[in-house]
Amino acid sequence: MTLSRQYVPAIGKSVKMRLFSDYTERNINVWAWLRVHSLNSDGAVVQVLNGSEPTGEVLTIPLNTIDPPIGWKSQYDIYCEPAKVETVLGWFARGIVVRQSHDMSGSMPTAFQPMDNSEQPHWQFCEVTDAVPAADCAKVFRVVKIEIEDIYDMYLVPDKDCGYCHGTGRRTLKELANIRHESVSELKRKMAIPFERYQTNEHLHLDGYSEETETFECHCIRGGFHTLGRSKRAKLIKEWASLGWDTHYVNLGEHSYWERTRETVVKDWEV
Ligand SMILES: [Zn+2]
């Protein structure tokens, strides 16, 4: 069941009517803008404009004759990354403002903001196209969590010909210490420096380090997807698909990569 919500223009806004006949039936110039003066039970009281000047003509038109602005919808999807889901759900109790980007080349033509925090929009999203009070948010907005993973970083098969781990996928601290002409305890000291605090060359980060075995992941098990055979790759893609992932190749020439995305409806429209 779809909800048909009526667009209600803000007072002072200039609007158009939807149909040619909406104008001709009322003997109004079809190019005229109408400025909303007030709202009543019959619809909107509008002033007919000539350019931006009122002509003096005032009439009442039903709300359903008014053409909603680009970007206005009776229901919306809000896409967000996993870390933002709770924040977005929190907006429902505050009311939500919808803004339309006028930069159509942008990848985010619509922006959502909590109503009590909507004073300072991003420059791209200057115009409010919709303002939904808290009481209506559950019917109007659906929240879709979108996960994006770069498959280059996924742990897959180690390279059996790898000269570092010899196909085991793991390397030892001892072997690394030998290569660097340092002691194991020296390496451990460098690993213990918090990266954010120092950002120095001294810091050593080893992926998937295990205290117990003093081993870490070899770089060769990353990026394995790229070198997998076609049928093995297809098998994995199918496996992931059963978990809701859509896997695709992003073709950017030499910077091409594989990624997988998954959309989960966190909160559906209430009926
Ligand atoms: Zn290796």
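First, a word on what this report is: a plain description of the structure on this page.

Rules behind the numbers
One numbering rule holds for all chains: residues counted from 1, following each sequence as written. Where local features are concerned, this predicted model is filtered to residues with pLDDT of at least 70; where side-chain atom pairs are given and counted, the filter is 80 or more; whole-chain, interface and lining totals use all residues. Starting at the N terminus, helices and strands are each numbered in turn, a helix being any DSSP run of H or I of at least four residues and a strand any DSSP run of E of at least two. To sort residues by burial, count the other C-beta atoms lying within 10 Å of each one's C-beta; a count of 20 or more means buried, 12 or fewer means exposed, and anything in between means partly exposed. C-beta atoms are built from the backbone. In a helix, the anticipated span is given by 1.5 Å times the number of residues less one. Two residues form a contact once the distance between their C-beta atoms, set from the backbone, is within 7 Å. One bridge is not enough; two strands pair if DSSP finds at least two bridges between them. All axes here are fitted lines through C-alpha atoms, helices being fitted over the stretch that makes contact, and every angle between N-to-C directions spans 0 to 180 degrees. Linking buried Ala, Val, Leu, Ile, Met, Phe, Trp, Tyr and Cys residues through C-beta atoms within 7 Å yields a set, and such a set is a nonpolar core.

What the protein chain contains, in helices and strands, is 8 helices and 13 strands. Looking at the protein chain as a whole, 14% of its 271 residues are labelled buried.

Turning to unusual backbone geometry, a few remarks are in order. Unusually for a residue other than glycine, N27 sits at a positive phi of about 55°. Unusually for a residue other than glycine, E214 sits at a positive phi of about 55°. With respect to the helices and strands, E214 occurs in the loop between helix 6 (195–198) and strand 11 (215–217).

Moving on to helix 8 (residues 230–241). Along its 12 residues, helix 8 runs 16 Å from first to last C-alpha, staying within 8% of the 16 Å computed at 1.5 Å per residue. Along helix 8, only 0 of the 12 residues are buried, which leaves the element largely exposed.

With that out of the way, let us pick up the environment of P54. Summarising the element assignment, P54 is placed in strand 4 (residues 53–61). Separated by 21 residues in sequence, P54 and W33 have C-alpha atoms that sit 9.4 Å apart. Not counting chain neighbours up to four residues away, the residues in contact with P54 comprise Q47 and L49.

Another aspect to go through is the pairing of strand 2 (residues 34–40). Where strand 1 (residues 14–15) meets strand 2, 2 bridges bridge the pair, whose relative direction is antiparallel. Note on strand 2: the bridge partner recorded for S14 is R35. Of the pairings in the sheet, the one linking strand 2 to strand 3 (residues 43–50) comprises 6 bridges and is antiparallel in character. The residue of strand 3 that forms the bridge with L39 is A44.

Attention now goes to the sheet that holds strand 7 (residues 110–114). The antiparallel open sheet is built from 3 strands, whose spatial order is 7-6-8. Among the strands making up the open sheet, the edge pair consists of strand 7 and strand 8 (127–132). Neighbour-to-neighbour, the strand axes of this sheet turn through a mean angle of 25°, independent of strand direction. Examined bridge by bridge, strand 6 (residues 96–100) and strand 7 share 5 bridges and lie antiparallel to one another. Counterpart to Q100 in the pairing with strand 7 is T110.

Quick look at the sheet that holds strand 5 (residues 76–80) now. Strand order in this open sheet of 4 strands is 5-9-13-12, and the pairing throughout is mixed. For this open sheet the edge positions go to strand 5 and strand 12 (246–250), each flanked by a neighbour on one side alone. Averaged over neighbouring strand pairs, the angle between their axes works out to 30° when direction is ignored. Inspection of the sheet shows strand 5 paired to strand 9 (residues 141–150) by 5 bridges, in the parallel sense.

Now for the nonpolar core. In this structure, Y76, I78, I96, V98, C137, V140 and F141 are the most contacted members of the largest nonpolar core, which totals 13 residues. Within the residue set of this core, elements represented by two or more residues are strand 5, helix 2 (85–91), strand 6, helix 3 (134–140) and strand 9. The element that contributes the greatest number of residues to this core is strand 6, accounting for 3 residues. What V98 contacts, discounting residues up to four positions off in sequence, is G71, Y76, T110, F112, T129 and D130.

For the rest of this paragraph, the subject is the pairing of strand 4. Where a strand is regular, its side chains alternate between the two sheet faces. Where strand 3 lies against strand 4, 6 bridges are found, and the strand directions are antiparallel. By the bridge assignment for strand 4, Q47 is matched with V58. Between strand 3 and strand 4, which pair antiparallel in sequence order, lie 2 residues; one of them, G51, sits at a positive phi of approximately 70°.

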